Amino acid sequence: MSERATIARHAGTVLAGQLAVMAFGVTDTIVAGRHSAAALAALSIGSAIYVSIYVALMGALQALLPVWAEQRGAGEREGIGRTVRQALYLCAIACAMGIVVLVSPGAILRWTQVPEALRTVVGSYLGVLALALPPALLFRIYSTLNQALGRPQLVTWLQVGSLLVKIPLSIWFTFGGAGLPAQGAVGCAWATLVVNYALLVVAAWLLNTQPLYTPLELWRRLEKPDWAQIGRFAQLGVPAGLAILVEVTSFTLMALFIARQGNIAAAAHQIASNLTAVLYMVPLSLSIATSARVSFWRGSGDESRARAAAWMGFRLSAGISIALAAMLFIAKGHIAPFYTSSDQVAWLTASLLVWVSIYHVADALQTVCVFVLRCYRITLAPLVVYCVLLWGGGLTGGYLLAYEGALGWEALRSPSAFWGASAAALITTAMVFVTMLARALRPGQPLPPPAQ
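The notes below deal with the structure included here. Quantities reported herein were computed from a predicted structural model and do not represent experimental measurements.

## A short note on the overall build of the chain
Piece 1. On a plain count of helices and strands, the chain comes out with 14 helices and zero strands.
Piece 2. Listed N to C, the secondary structure of the chain is α-α-α-α-α-α-α-α-α-α-α-α-α-α in terms of helices and strands.
Piece 3. Computed over its C-alpha atoms, the radius of gyration of the chain comes to 21 Å, within 12% of the 22 Å expected for a compact globule of 452 residues.
Piece 4. For the C-alpha atoms alone, the extent of the chain along its principal axes is close to 60 × 55 × 40 Å.
Piece 5. Of the roughly 17,900 Å² of accessible surface on the chain, a fraction of 68% belongs to carbon and sulfur atoms.
Piece 6. Of the side chains in the chain, 28 bear a positive and 16 a negative charge, and the two mean positions are spaced by 4 Å.

## Details of the side chain of Ser-291
Piece 1. If you trace the backbone, Ser-291 turns up in helix H10 (residues 263-300).
Piece 2. Overall, the relative accessible area of 3% leaves Ser-291 in the buried class.
Piece 3. Setting aside residues up to four positions removed in sequence, Ser-291 forms contacts with Leu-65, Phe-371 and Cys-375.

## Notes on unusual backbone geometry
Piece 1. A positive phi is found at Glu-217, a non-glycine position, where the angle reads about 50 degrees.
Piece 2. Looking at the secondary structure, you find Glu-217 in the loop between helix H8 (185-209) and helix H9 (227-258).
Piece 3. Take Glu-217: its relative accessible area is 28%, and that puts it in the partly exposed class.
Piece 4. Residue Arg-377 is not a glycine yet carries a positive backbone phi of 65 degrees.
Piece 5. Structurally, the position occupied by Arg-377 is in the loop between helix H12 (343-375) and helix H13 (380-404).

## Concerning a nonpolar patch on the surface
Piece 1. On the surface, Trp-355, Ile-358, Ile-427 and Met-431 cluster together to form a nonpolar patch covering roughly 360 Å² of accessible area.
Piece 2. Secondary-structure elements contributing two or more residues to the nonpolar patch are H12 and helix H14 (415-440).
Piece 3. Topologically, Trp-355 is positioned in helix H12.
Piece 4. What makes Trp-355 partly exposed here is its relative accessible area of 32%.

## Some points on the nonpolar core
Piece 1. Within the largest apolar cluster, 151 residues are counted, with the highest numbers of intra-cluster contacts made by Ile-45, Trp-68, Leu-137, Tyr-142 and Leu-145.
Piece 2. Ranked by residue count, the leading element in this core is H10, at 19 residues.
Piece 3. Setting aside its immediate chain neighbours within four residues, Leu-145 contacts Trp-68, Ile-80, Val-84, Leu-207, Leu-216 and Leu-218.

## A few points about the environment of Leu-222
Piece 1. Within the fold, Leu-222 resides in the loop between H8 and H9.
Piece 2. Sequence separation between Leu-222 and Val-384 is 162 residues; the distance between their C-alpha atoms is 36 Å.
Piece 3. In this view, Leu-222 contacts Arg-85, Leu-88 and Tyr-89; residues no more than four positions away in its chain are not counted.

## A word on the packing of H9 against H14
Piece 1. Two elements in contact, H9 and H14, have axes whose closest approach is 10 Å; the angle formed by their N-to-C orientations is 165 degrees. The angle between H9 and H14 falls in the class roughly antiparallel. For the crossing formed where H9 meets H14, the hand is right-handed. Seen from H9, the contacting residues are Ser-250, Phe-251, Met-254, Phe-257 and Ile-258; seen from H14, they are Pro-415, Phe-418, Trp-419 and Ser-422.
Piece 2. Within the contact of H9 with H14, the residues separate by chemical class into seven nonpolar, two polar and no charged.

## Some thoughts on the packing of aromatic side chains
Piece 1. Applying the stated criterion across every chain, the model contains 12 aromatic pairs.
Piece 2. Ring geometry for Tyr-50 against Tyr-54: centres 5.8 Å apart, planes inclined by 0 degrees, an arrangement best described as stacked. Of this pair, Tyr-50 and Tyr-54 both sit in helix H2 (residues 37-62), four residues apart, which is roughly one turn of the helix.
Piece 3. The exposure class of Tyr-50 is buried, given its relative accessible area of 10%.
Piece 4. Where Tyr-386 meets Phe-433, the ring centres are 5.3 Å apart and the plane angle is 75 degrees; that geometry is what we call edge-to-face. Separated by 47 residues along the polypeptide, Tyr-386 in helix H13 and Phe-433 in helix H14 bring together distant segments of the chain. Phe-433 shares its class with Tyr-386; the two are buried.
Piece 5. Within the aromatic cluster, the residues linked to one another by ring pairs are Phe-257, Tyr-399, Tyr-403 and Phe-418.
Piece 6. We note Lys-332 situated over the ring of Phe-329; from NZ or CZ to the ring centre the distance is 4.2 Å.
Piece 7. It is Arg-374 that lies over the ring of Phe-371; its NZ or CZ is 4.9 Å from the centre.

## Observations regarding the side chain of Gln-159
Piece 1. Among the secondary structure elements, Gln-159 is positioned in helix H7 (residues 153-175).
Piece 2. Look at Gln-159 and you get buried, because its relative accessible area is 4%.
Piece 3. Once residues lying within four places of it in the same chain are set aside, the contact partners of Gln-159 are Gly-17, Gln-18, Ala-20, Val-21, Phe-139 and Leu-199.

## Examining H10
Piece 1. If you check H10, its first and last C-alpha atoms are 54 Å apart, about what 38 residues at 1.5 Å a residue would give, namely 56 Å.
Piece 2. Residue Met-281 marks the point of greatest curvature in H10, where the axis turns by about 30 degrees; the proline Pro-283 follows within four residues.
Piece 3. Gly-301 occupies a position one or two residues after H10 and carries a positive phi of about 90 degrees.

Thresholds, definitions, all that
Residues numbered from 1 in each chain as written. Predicted model: local features only at pLDDT ≥ 70, side-chain atom pairs only at ≥ 80, totals over all residues. Heavy atoms only, no water. Helix = DSSP H or I, 4+ residues; strand = E, 2+ residues; numbered from the N terminus. Rg over C-alpha atoms; globule rule 2.2 N^0.38 Å. Areas by Shrake-Rupley, 256 points an atom, 1.4 Å probe, with all protein chains shown as cover. Lys, Arg positive; Asp, Glu negative; His and termini not counted. Charge placed at Lys NZ, Arg CZ, Asp CG, Glu CD. Buried < 20%, exposed > 50% of the residue type's maximum accessible area, 1.4 Å probe, protein only. Contact = heavy atoms within 4.5 Å. Patch = residues over 30% accessible without salt bridge, like charges linked within 9 Å, V, L, I, M, F, W, Y side chains within 5 Å. Salt bridge = Lys/Arg side-chain N within 4 Å of Asp/Glu carboxyl O. Core = buried A, V, L, I, M, F, W, Y, C linked by side-chain atoms within 4.5 Å. Axes fitted to C-alpha atoms, helices over the stretch in contact; angles between N-to-C directions. Parallel < 35°, antiparallel > 145°, perpendicular 65-115°, else oblique. Left-handed = near helix turned anticlockwise from the far one by under 90°. Nonpolar A, V, L, I, M, F, W, Y, C, P; charged D, E, K, R; others polar. Phe/Tyr/Trp six-rings, centres within 6.5 Å; stacked < 30°, edge-to-face > 60°. Lys NZ or Arg CZ within 6 Å of the ring centre and 35° of its normal. Expected span 1.5 Å × (residues − 1). Bend = angle between axes of the 7 residues up to and from the residue.

Have a look at this one:
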């Protein structure tokens, strides 16, 4: 099978599962939107905070994919089991950090000036999701392990199946029925909690019963923390997690700043950001598949095939993202009414989807670049770029355009100010990362050793 076919098949399988997970968010957005504009606004703010935390912590664990893929390439099956068990200590630290933030969001809500009327609901929503965080991160380890093994199928089936549970639970908990009172946006969080624990239980059963995992000897007694190994994990995962935190917060903090513009603006932004996140699953899946192949060939000692896999993934991501952005731009007027019954929200959403189209292409290019750069231990430079461009240019620039006025314009007080500034910042980020990737993959360039 050709490298293109291998990456495409792996990415397609991952994409099916990722879209199922993203359908969780789509379901919650539609359900909350049908419940009330206030519920949708609370969901927008609460999910922005949760996603920022979860994705950053998830990124630190996802960054371990090169370790396991390279061990697979080198034939070190038992070594994978040992490093997976050590990764559980890193996961425990991540869970503790995330829970502390989720149960005490008051400072964040005050800093971003979220309306007082929404703070209680948002706090309750995040309190439930704090309980849902540990199983979510443990399942991420299981998912990353399968991706590194080149066998993401089991994860995909679980994620697709869980959607069939999530949809009715979100509707039931949100609107009430059968003796259960309506809980609004908080009901969506309870549905997520139930699904996350169900996924973890099934994943544990599979790890203990499927022949695929037998050579890894995962169920040996848990060793004491190997702080040298955990330190190497941290060197790879912490910059990656912080970079993702910057990337995601530059995106999700928009929801908190836009909230002061009223429920219509917050609801329109929530729909636009939800579509952006769904589209992002395509380059994310391609990036995961590409980095798995690059790391596999690096572990096997074949650097030329690793470089070829990297460029193949880049070309696939670029072509597909342009096609998706064009379709979104053309259909923008028909997509918005599907999410909301409000004409005002639908009109504002359609205008934002123009920016979403541009944003997506840049997002796709920078994502595949940063995933491949991690395979070569390049993690600190992308973090600096994200801080300067996404926080400095995108988020700060959008705030100035929206509320302070900039470049000779009056304050726009519109979500478009944030989306336009963020799109420009992401385009610049993509250009920088493409340059960094070309330099890292240049034949004859000194290469760091594979991750340990």
